[in-house]
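Summary of structural features
Spelled out, the chains give:
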Amino acid sequence: SAVISQKPSRDICQRGTSLTIQCQVDSQVTMMFWYRQQPGQSLTLIATANQGSEATYESGFVIDKFPISRPNLTFSTLTVSNMSPEDSSIYLCSVGNRNQPQHFGDGTRLSIL
Amino acid sequence: AQSVAQPEDQVNVAEGNPLTVKCTYSVSGNPYLFWYVQYPNRGLQFLLKYITGDNLVKGSYGFEAEFNKSQTSFHLKKPSALVSDSALYFCAVRDGAGKSTFGDGTTLTVKP
């Protein structure tokens, strides 16, 4: 199973600033996902980031707010731009090809002041 | 559109007793079903999956799940609960494009 390293594990940011979250996988994977989760609640998919193509964003999420890079099969970044308190959440990186289990990073706990 | 329902926000059991965490799903076509567990300050960890084959699926840490097509259910079970099983459990269905839909989660508390 894939091992995912996600950085930073947590951060406290000022409103109006941007933060880039990194996701490093120990093996090559095609499908990578970025989720948002409020503590104790379900996961909301932000976007799917497949290498070699533009990220596909879910309804309610836009590229200007959450730009994603996927330069290769083992790495991706998610940037949370122009942050507001409503962006305070846990952001999770996940990988897993079709019909296979997904593997998750431990998340980035983001607080906006 | 696919969906997953976990009807119980919380399940409380005594250590040593059997546990069940319920999940029902709605999907067009063949379902690809998964159970994940989340411990505090951690990401989700895979427990077990149903793709095809036997309706009773065995997974990690002694957990198993029963796939019931007629009832569109995929309940998670364990014969004897441990205090260390206390965590947040998610049922998920994955579509042919690889996108997962997660249930709202069930908090399992196992008391000594």
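Residues numbered from 1 in each chain as written. Chains lettered and ligands numbered in written order. Predicted model: local features only at pLDDT ≥ 70, side-chain atom pairs only at ≥ 80, totals over all residues. Heavy atoms only, no water.

Comments concerning the state of the cysteines
All names here are of chain A. To be explicit about the condition: In this description, the term disulfide denotes a pair of cysteine sulfurs within 2.5 Å. Put simply, DSSP marks the helices as runs of H or I at least four residues long and the strands as runs of E at least two long, and each gets a number from the N terminus on. Buried means the residue's accessible area, taken with a 1.4 Å probe over protein chains only, is under 20% of the maximum for its type, while exposed means over 50%, and partly exposed covers the values in between.
For the coordinates displayed, the defined rule picks out 2 disulfides over all chains. The partner cysteine of cysteine 23 in its disulfide is cysteine 93, sulfur to sulfur 1.8 Å. Disulfide cysteine 23 to cysteine 93: torsion about the S-S bond roughly -65°, handedness left-handed. Highlighted residues: cysteine 23 in strand β3 (residues 19-25) and cysteine 93 in strand β9 (residues 89-95), separated in sequence by 70 residues. This pair shows no difference in class: cysteine 23 is buried, exactly as cysteine 93 is.

Quick word on the sheet that holds strand β1 (residues 4-7) of chain A
All names here are of chain A. To keep it simple, the criterion reads: Should DSSP find at least two bridges between two strands, the strands are regarded as paired. Fitted lines through C-alpha atoms give the axes, limited to the stretch in contact for helices. The angle between two N-to-C directions lies from 0 to 180 degrees.
One open sheet accounts for 4 strands, arranged β1-β3-β8-β7; its pairing is antiparallel. One side of each edge strand has no neighbouring strand; the edge strands of this open sheet are β1 and β7 (68-72). Neighbour to neighbour, the strand axes of the sheet diverge by 15° on average, direction disregarded. Taken together, the 4 bridges between β1 and β3 define a ladder with antiparallel strand orientation. In the strand pairing of β3, lysine 7 is matched with glutamine 22.

Examining the side chain of Arg109(A)
Quick note on the threshold: In this tally, Asp and Glu contribute negative charge and Lys and Arg positive charge; neither His nor the terminal groups of the chain are included. Take a side-chain nitrogen of Lys or Arg and a carboxyl oxygen of Asp or Glu: if they are within 4 Å of each other, that pair is a salt bridge. Pairs of N or O atoms are called polar contacts if they sit within 3.5 Å, as long as, within protein, a hydrogen donor faces a hydrogen acceptor (for residues adjacent in sequence, only side-chain-to-side-chain pairs). For this analysis, residues touch if any pair of their heavy atoms sits within 4.5 Å.
With respect to the element layout, Arg109(A) can be found in strand β11 (residues 108-112). One buried charged residue, Arg109(A), forms no salt bridge at all, with the nearest opposite charge on Asp106(A) at 6.7 Å. Only 2.9 Å separates the side chain of Arg109(A) from the backbone oxygen of Asp106(A), close enough to count as a polar contact. Among residues more than four places away in sequence, those in contact with Arg109(A) are Ser9(A), Arg10(A), Asp11(A), Ser89(A), Ile90(A), Asn41(B) and Arg42(B).

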